[in-house]
Amino acid sequence: MVDLFLGKVLVKNNKDKDELDTEREIILRLQNRILMLFFGSGECEKCQEFVSTLKDFYKKLTDEFYVERSAQLVLLYISLDSSEEQQEKFLKELPKRCLFLPHEDPYRQELSVMFEVLDLPRVVVLRPDCSVLTADAVPEICKLGPDCYRNWQEGAELIDRNFMMNEEFDEGKMRSMTDPIRRVKYKVEDKKKKKKKKKKKDGVSVEEEDEDRDEDGNDGGGGWG
């Protein structure tokens, strides 16, 4: 997906119309995400009817008011409006977090040909590797709403950025990114201490350095020679 837009300028649909115009910015915004290419036009009656459904769909998956963390999803409006004024007017109906291509960029038309867009509205869903996951997701979005994102996630084999070991959920929230490492370390140390106490209880004298030896009596340095 990233390769599809390298060298292009993507614009945020916010008040300042901030631009993503460097390779690094494009990669950070699109990498490991599912991309929704929304081909539409403010002059299209069906697009006008669909846009509120699309906006609600996207907000419920990315807005912190609805979800604890945003879905790995990007919405990119590919305008087929006849004028820049018409495009600007239609963008006001779209989510503020979506992106769009400038009206003067001919790449808009190239993409419509590339994905064989013959009717509007059309939402082409792409995997992170740019392959097509769904050629037209409009019916699916209207029927299933946000629930269809799970199907896309599985179909795209998306890597969860916030993956955590199952045992971490049982012990409450992590205080930092190093919590899993520290917890494993402390568990190992606790086992050593318990083992040492048990030996002392049985009347066996144990030297402190024995804690660093393995079950075969070898030094804990490993088999490096």
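Just so we're clear, the structure is a prediction, and the values are computed from it rather than from any experiment. (Residues numbered from 1 in each chain as written. Predicted model: local features only at pLDDT ≥ 70, side-chain atom pairs only at ≥ 80, totals over all residues. Heavy atoms only, no water.)

A.B. asks: Honestly, a negative patch on the surface in this entry has me stumped. Any pointers?
C.D. replies: A cluster of like negative charges, contributed by Asp 16, Asp 18, Glu 19, Asp 21, Glu 25, Glu 84, Glu 85 and Glu 104, occupies part of the molecular surface. Mapped onto the fold, Asp 18 is located in the loop between strand 1 (10-12) and strand 2 (19-20). (Patch = residues over 30% accessible without salt bridge, like charges linked within 9 Å, V, L, I, M, F, W, Y side chains within 5 Å. Areas by Shrake-Rupley, 256 points an atom, 1.4 Å probe, with all protein chains shown as cover. Salt bridge = Lys/Arg side-chain N within 4 Å of Asp/Glu carboxyl O. Lys, Arg positive; Asp, Glu negative; His and termini not counted. Charge placed at Lys NZ, Arg CZ, Asp CG, Glu CD. Helix = DSSP H or I, 4+ residues; strand = E, 2+ residues; numbered from the N terminus.)

A.B. asks: Sorry if this is basic, but what is going on with the environment of Tyr 66 here?
C.D. replies: Inspection of the secondary structure assignment puts Tyr 66 in the loop between helix 3 (45-62) and strand 4 (73-79). Relative accessible area serves as the criterion here: at 42%, Tyr 66 is assigned to the partly exposed category. Not counting chain neighbours up to four residues away, the residues in contact with Tyr 66 comprise Lys 59 and Lys 60. (Buried < 20%, exposed > 50% of the residue type's maximum accessible area, 1.4 Å probe, protein only. Contact = heavy atoms within 4.5 Å.)

A.B. asks: I keep staring at the pattern of salt bridges and nothing clicks. Help me out?
C.D. replies: In a structure, side chains of opposite charge can pair up when their charged atoms sit close to one another. A full pass over the atoms with the stated rule returns 3 salt bridges. One salt bridge connects Lys 60 with Asp 56, and the closest N-O pair in it is separated by 3.4 Å. Taken together, the residues span about one helical turn, with Lys 60 and Asp 56 both in helix 3 at a distance of 4 residues. Judged by relative accessible area, which is 33%, Lys 60 ranks as partly exposed. Residue classification places Asp 56 among the partly exposed positions, given a relative accessible area of 34%.

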